[in-house]
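# Close look at the chain arrangement
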Amino acid sequence: MKTPSKLFTKTLSALIILSALNIRSVCTFLFHAGRIDDIFPASCAAAEIICYILIAYINFYPTLTSRKISTRRNKILEDGIALLQIFLATTVIEIICCIVMLIIGLPAGEDITFTHAFFWLRQFGLAFLIECLLFWNGILRVYLTSVQLGIKWRVIGAVCGLIPVVHLYVLCRIIRIAGNEVVYENEKYLLNQIRAENQECRTKYPILLVHGVFFRDFRFFNYWGRIPAELKRNGAVLFYGNQQSAASVARCGEELAVRIKQILQETGCDKVNIIAHSKGGLDSRYAISRCGAAPCVASLTTINTPHHGCIFADYLLDKIPGSVCAKVAAKYNAALTLLGDREPDFMEAVQDLTASACARLNQTMPDDPQVYYQSVGSKMNCASSGRFPLNMSYPMVKHFDGVNDGLVAVDSMHWGCRFIPVAVPAGRGVSHGDMIDLNRENIFGFDVREFYVNLVHQLKERGF
């Protein structure tokens with residue numbers, strides 16, 4: 001038997017709630033008008049109790065079904081959206097019903113008695129309690145499970161919650177954002193279910209993900225966002241670089257070389273496939289060329305790596321007074337030490353990203369013929385495309401380096417025998433942070449998780 005459509009089940013839920021709210025009012029009105037006899041109010045009371053039981057069920061299963069269609073988180077989110085939609089519909093209809101019954105239910109030419117006042121207070125109070133239950137049940141589910149709402153819309157929702165009319169617009173916007181997320185995640189869930197047996201990311205050699213500058217590989221906040229989980233669902237075996245977040249290319253490269261040997265000992269594999277983001281690409285190239293890791297690496301894929309450096313970085317270091325640089329470096333180093341770096345050096349890391357430093361590094365880091373090199377690069381379409389601080393740095397980098405991702409020029413990202421451009425013709429474009437799913441944001445026209453699945457699948461197809 002086919003499961004009823006979502007629209008039908010939501011409509012049915014709304015009708016049950018409206019019936020519970022209005023059945024006593026209608027029966028009372030018809031009884032006093034002489035339209036029904038005294039046996040019907042008792043039947044109405046029984047029906048009202050049944051409706052209340054169904055309302056309790058609706059608050060657990062808003063779509064009247066517990067069928068699993070996606071992940072648990074996505075099911076909770078979908079149910080939260082359904083509750084908010086039912087809340088909006090029933091609130092509007094109930095307000096209209098109350099106004100109509102209030103007009104036709106008042107005794108003509110008579111004063112309003114205590115009985116009448118109590119009846120209407122009960123009606124309004126009951127409606128308020130049930131609608132509050134629907135709203136808070138729904139909004140808490142959405143707030144606790146949605147990824148795409150972000151901090152921005154959560155704060156807007158909280159601030160505008162008591163502003164008439166505005167709160168309806170904000171609620172509709174929240175429902176729309178969360179609703180798009182549900183559709184997106186359900187489709188991805190079904191896609192992964194279909195291709196689960198194919199193990200499309202089960203490469204011959206494990207994948208080593210190497211982070212960029214000023215970040216670390218944390219257990220509870222993954223630098224790569226939702227990408228690792230998606231790759232694992234499709235069969236990938238993953239490891240992380242765990243190199244320092246702020247140190248020279250040379251020091252980080254040495255740490256990566258040691259890390260690669262640890263992975264080979266742990267897995268028994270002969271090589272690894274490296275996927276490195278930003279400065280991590282330079283660190284990886286140093287490990288391969290200068291630290292003896294070449295025989296242990298099958299492929300290196302760099303993501304938005306400044307292989308040719310940043311002219312903008314040269315300009316800043318030339319113009320900013322040394323005393324200011326020293327103060328900034330000291331604060332960063334102190335913070336990075338607390339986060340786990342052993343000997344962080346902010347200035348070492350920044351200086352190795354300049355165009356002049358990369359030109360010198362490239363002369364000492366020739367590509368190894370045993371390793372397959374390829375690179376990936378994205379670009380933003382305008383300054384407003386990126387989140388802070390990339391929206392601030394984009395125009396300055398563009399002035400010095402040209403088209404960029406908010407930090408690195410596209411021309412600087414080219415390396416190896418193949419370059420894979422990432423561009424969204426319309427809309428915001430794809431920033432430096434978007435390429436590692438830093439903000440866990442679904443970008444129209446670019447599915448970052450699917451991009452990495454395809455990227456790793458291509459490595460598998462090449463025999464890596």
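The notes below deal with the structure included here.

### A short note on the overall build of the protein
- If you tally the helices and strands in the protein, you get 16 helices and six strands.
- Across the 464 residues of the protein, 49% fall into the buried class.
- For the protein, the share of sequence-separated contacts (at least 6 apart) that also reach a separation of at least 24 residues comes to 79%.
- When the accessible area of the protein is evaluated, it comes to approximately 23,300 Å², of which 65% is carbon and sulfur surface.

### Structural notes on the layout of surface pockets
- Approximately 1,200 Å³ is the volume attributed to the largest pocket.
- For the largest pocket, the lining is made up of 37 residues, of which Val 213, Phe 214, Tyr 332, Pro 389 and Leu 407 are closest to its centre.
- Elements that contribute at least two residues to the lining of the largest pocket include exactly helix H10 (311-319), helix H11 (322-338), helix H12 (346-351) and helix H14 (390-401).
- Looking at the lining of the largest pocket residue by residue, the class counts come to 28 nonpolar, eight polar and one charged.
- Empty space within the second largest pocket amounts to approximately 970 Å³.

### Details of the side chain of Arg 216
- Within the fold, Arg 216 resides in the loop between strand S1 (207-210) and helix H7 (227-233).
- Engagement of the side chain of Arg 216 in a polar contact is seen with the side chain of Asp 341, the distance being 2.4 Å.
- With near-sequence residues (within four places) excluded, Arg 216 lies in contact with His 211, Tyr 223, Asn 242, Gln 243, Gln 244, Ser 245, Leu 339, Gly 340 and Asp 341.

### As for empty space enclosed by the protein
- Applying the stated rule across the entire model yields two cavities of 30 Å³ or more.
- Here the largest cavity defines a volume of roughly 40 Å³.
- Residue lining of the largest cavity: Asp 434, Asp 437, Leu 438, Asn 439, Arg 440, Glu 441, Ile 443 and Val 448, and that is the complete set.
- Around the second largest cavity sit Leu 208, Val 210, Leu 256, Ile 260, Ile 274, Ser 284, Ala 287, Ile 288 and Val 297, which together line it.

### Looking at the sheet that holds S1
- If you walk across this open sheet you meet the six strands as S2-S1-S3-S4-S5-S6, and the pairing is parallel. Lying at the two open borders of the sheet, with one neighbouring strand each, are strand S2 (238-240) and strand S6 (419-422). The mean inter-strand angle of the sheet, taken between neighbouring strand axes irrespective of direction, is 20 degrees.
- Lying over the sheet, helix H16 (residues 448-461) contacts S1, strand S3 (272-277), strand S4 (297-303), strand S5 (372-378) and S6, oriented at roughly 155 degrees with respect to S4.

### Thoughts on the nonpolar core
- Leu 208, Ile 260, Val 272, Ile 274, Ile 288, Val 297 and Leu 300 are the most contacted members of the largest nonpolar core, which has 33 residues in total.
- Of all the secondary structure elements, the ones that give two or more residues to this core are S1, helix H8 (249-267), S3, helix H9 (279-290), S4 and helix H13 (355-364).
- Element by element, the count of residues in this core is highest for H8, at six residues.
- What Val 272 contacts, discounting residues up to four positions off in sequence, is Tyr 205, Pro 206, Ile 260, Ile 263, Leu 264, Cys 296, Val 297, Ala 298 and Ser 299.
- Core analysis: the next-biggest nonpolar cluster, separate from the first, contains 32 residues, Ile 207, Tyr 240, Val 376 and Ile 420 among them.

### Focus on the environment of Pro 395
- Among the structural elements, Pro 395 can be located in helix H14.
- With relative accessibility at 41%, the residue Pro 395 sits in the partly exposed group.
- Along the chain, Pro 395 and Gly 406 lie eleven residues apart, while their C-alpha atoms are 7.9 Å from each other.

### Observations concerning the side chain of Ser 245
- In this fold, Ser 245 is placed in the loop between S2 and H8.
- The buried category is assigned to Ser 245, whose relative accessible area is 1%.
- Side chain to side chain, Ser 245 and Asp 341 meet in a polar contact 2.5 Å long.
- With residues up to four places along the chain from it excluded, the contact list for Ser 245 reads His 211, Gly 212, Val 213, Phe 214, Phe 215, Arg 216, Leu 336 and Asp 341.

### Observations regarding the environment of Ile 227
- When you line up the elements, Ile 227 lands in helix H7.
- Sequence-distant contacts of Ile 227, defined by excluding residues within four places in its chain, comprise Met 435, Ile 436, Asp 437, Val 448, Arg 449 and Tyr 452.

### Brief notes about unusual backbone geometry
- One non-glycine residue, Gln 199, lies in the positive phi region at around 50 degrees.
- Within the secondary structure, Gln 199 sits in the loop between helix H6 (166-194) and S1.
- With phi around 50 degrees, Asn 304 is a residue other than glycine that occupies positive phi space.

### Notes on H8
- Look at H8: 26 Å from first C-alpha to last across 19 residues, which is about the 27 Å you get at 1.5 Å a residue.
- Listed in full, the buried residues belonging to H8 are Val 249, Cys 252, Gly 253, Glu 255, Leu 256, Ala 257, Arg 259, Ile 260, Ile 263 and Leu 264.
- Buried residues along H8 sit against S1, S2, S3, H9, S4 and H13.
- Following H8 by one or two positions, Gly 268 adopts a phi angle in the positive range, close to 80 degrees.

Quick notes on the rules
- Residues numbered from 1 in each chain as written.
- Predicted model: local features only at pLDDT ≥ 70, side-chain atom pairs only at ≥ 80, totals over all residues.
- Heavy atoms only, no water.
- Helix = DSSP H or I, 4+ residues; strand = E, 2+ residues; numbered from the N terminus.
- Buried < 20%, exposed > 50% of the residue type's maximum accessible area, 1.4 Å probe, protein only.
- Contact = heavy atoms within 4.5 Å.
- Areas by Shrake-Rupley, 256 points an atom, 1.4 Å probe, with all protein chains shown as cover.
- 1 Å grid on protein atoms, 1.4 Å probe; cavity = no way out; pocket = protein on both sides within 12 Å on 5 of 7 lines; lining within 4 Å.
- Points joined across faces, edges and corners; volume = space filled by probe spheres on them.
- Nonpolar A, V, L, I, M, F, W, Y, C, P; charged D, E, K, R; others polar.
- Polar contact = N/O pair within 3.5 Å; in protein donor to acceptor, adjacent residues only side chain to side chain.
- Pairing = 2+ DSSP bridges.
- Axes fitted to C-alpha atoms, helices over the stretch in contact; angles between N-to-C directions.
- Core = buried A, V, L, I, M, F, W, Y, C linked by side-chain atoms within 4.5 Å.
- Expected span 1.5 Å × (residues − 1).

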